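# Breakdown of the fold
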Amino acid sequence: MSDSADRIPTVMGALRSPRMLKTEVLAGLVVALALIPEAIAFSVIAGVDPRVGLFASFTMAVSIAFLGGRPAMISAATGAIALVIAPVAKQYGLDYFIATVILAGVLQVVLGVLGVAKLMRFIPRSVMVGFVNALAILIFTSQFPSLIGVPWLVYPLVAVGLLIMFLLPRITSVVPAPLVAIVLLTVATVVFALNVPNVGGEGELPSSLPALLFPDVPLNLETVSIIAPYACAMAIVGLLESLLTAKLVDDVTDSHSNKTRESWGQGAANVITGFFGGMGGCAMVGQTMINVKASGARTRISTFLAGVFLLILVVGLGDIVALIPMAALAAVMIMVAIGTMDWHSIHPKTLRRMPKSETAVMLATVVVTVATHNLAYGVVVGVLTAMVLFARRVAHLTEVVDVAHPDQDTRVYAVNGELFFASSNDLIYQFDYVGDPKNVVIDLSGAHVWDASTVATLDAITSKYEAKGKHAQIIGLNAASAERHVRLSGQLSGGH
């Protein structure tokens, strides 16, 4: 398990340090406990047996520990992936479902090798802030089933769990507070025979190890036509969530990760998971925050052990794990939601200081994500909103100025700003075609021509002057703009 990230404690360093190794081991245990009920719940969403989700969480975590590019990030079965491929299980059965997971993994490997991770640079900070805040809201609201319509004893248990996780870190950090909360609440539930929902009530835990599984589907174009649309959607959603989560962990740990390796690593992990009968998955932000923020893990050891502990707990200690009250896990996830939220971004002072366009992008990301329960949709809408608002803002920075009249037959205009489709469409209305003298000089020294729309607009301007019996000359183009103008001028029909 080599470590490719910069300035992150290495696996060998953790193995040599008892204190660091203890942190990694305990973090892995806490994450494993948090993964169990969610993996079962996501299996229900996908319409498959709980074992499919649990085995996916095991194989994803163990595989990505070796293959991923972001140490300490947790990958497992997720709700977003479950929602995307659930129709396959419902309409075509488990074999087609598993084949979809494998194909999605192959597509992710291809996209990773092609460098899709480099597209992350086009995601603005306001979208990232919206992603984080929407995630916090989704983590919190996902606990509602454990908090609504349940025995009243659940509420004091949740309150005690939150109190433990709030106060314990102020006293000691020897043991992760979430683990202490889970253990104490489980013991209290058993000792006092409290009748509250527990993990055992979420679904049957597996009693055997995962085995190799080859999906029984015909290898023909009809099969591909059935599973390809779902596999493409799963590949894109999985990569988007994983890369955003990796970036979030980079910020939390003040370090850098290998996004390209993470991309193809996710794909390889999904292929492996599919051949072991798992439902596939991607990075889990909530569990990653438990691992990195709440428990302090920094290496691949915690990710690997989360998968190993998960398997040991559900297969070997299933009877004990089944006793854990859902209230304890709900308390852990609520604490994660509180810690994940970027509270500074929604403070009134920040909102007053922030440009309205930035706030609009953040809100668009949050609203769409929460409404669809899909982080990928929210990010796509956020990026599109940012692009439109940016284009609108830049378009208004273009100006046309009457700068000189060398003689009574000549007028010189200076055009300043970035000329592209949004700004150049109005450019044609900035000249006095009727009142200008015979010779018009349009100086573009302070401008840059970015696209064919601008060249078409410049052609339209010169054509309008020619129609009035006047001559318009364009000067001052920089090298790139001149090359674009020479190549396209006169070749674009339809004027502006």
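Description of the structure in this document. Values in this document were obtained by computation on a predicted structure and should not be read as measured data.

Turning to the packing of helix α2 (residues 18-46) against helix α11 (residues 285-294), a few remarks are in order. For the pair α2 and α11, interaxial distance at closest approach is 9 Å and the crossing angle is 160°. Taken together, the axis directions place α2 and α11 in an arrangement best described as roughly antiparallel. Where α2 crosses over α11, the two elements pack in a sense that is right-handed. Of the residues in α11, those in contact with Ala-27, Gly-28, Val-30, Val-31, Ala-34, Leu-35 and Glu-38 of α2 are Gln-287, Ile-290 and Asn-291. The residue makeup of the contact of α2 with α11, split by class, is six nonpolar, three polar and one charged.

A separate point is the nonpolar core. Of all hydrophobic cores here, the largest spans 111 residues; its most connected members are Ile-36, Phe-97, Ile-123 and Met-279. Of the residues forming this core, the biggest block, 12 residues, is contributed by α2. Setting aside residues up to four positions removed in sequence, Ile-36 forms contacts with Leu-54, Val-199, Leu-205, Leu-310, Leu-313, Val-314 and Val-321. With 20 residues, the next largest nonpolar core counts Tyr-413, Leu-427, Tyr-433 and Leu-488 among its residues.

A few words now on the layout of surface pockets. What the largest pocket holds in volume is close to 840 Å³. In this structure, the largest pocket is lined by 33 residues; those nearest its centre are Glu-38, Phe-42, Gly-79, Leu-138 and Ser-142. Elements with a contribution of two residues or more to the lining of the largest pocket: α2, α4 (79-92), α6 (125-141), α11 and α14 (326-340). Broken down by element, the lining of the largest pocket gets its largest block of residues, six residues, from α2. Taken together, the residues of the lining of the largest pocket break down into 20 nonpolar, 10 polar and three charged.

Right, let's talk about the side chain of His-485 for a bit. Inspection of the secondary structure assignment puts His-485 in helix α20 (residues 479-488). Looking at His-485, the relative accessible area reads 15%, which means it is buried. Non-local contacts of His-485, meaning those with residues more than four positions away in its chain, are made with Val-455, Leu-458, Asp-459, Ile-474 and Leu-477.

What counts as what
Residues numbered from 1 in each chain as written. Predicted model: local features only at pLDDT ≥ 70, side-chain atom pairs only at ≥ 80, totals over all residues. Heavy atoms only, no water. Axes fitted to C-alpha atoms, helices over the stretch in contact; angles between N-to-C directions. Helix = DSSP H or I, 4+ residues; strand = E, 2+ residues; numbered from the N terminus. Parallel < 35°, antiparallel > 145°, perpendicular 65-115°, else oblique. Left-handed = near helix turned anticlockwise from the far one by under 90°. Contact = heavy atoms within 4.5 Å. Nonpolar A, V, L, I, M, F, W, Y, C, P; charged D, E, K, R; others polar. Core = buried A, V, L, I, M, F, W, Y, C linked by side-chain atoms within 4.5 Å. Buried < 20%, exposed > 50% of the residue type's maximum accessible area, 1.4 Å probe, protein only. 1 Å grid on protein atoms, 1.4 Å probe; cavity = no way out; pocket = protein on both sides within 12 Å on 5 of 7 lines; lining within 4 Å. Points joined across faces, edges and corners; volume = space filled by probe spheres on them.

Interpretation note: all reported values are geometric properties and have no functional meaning in isolation.
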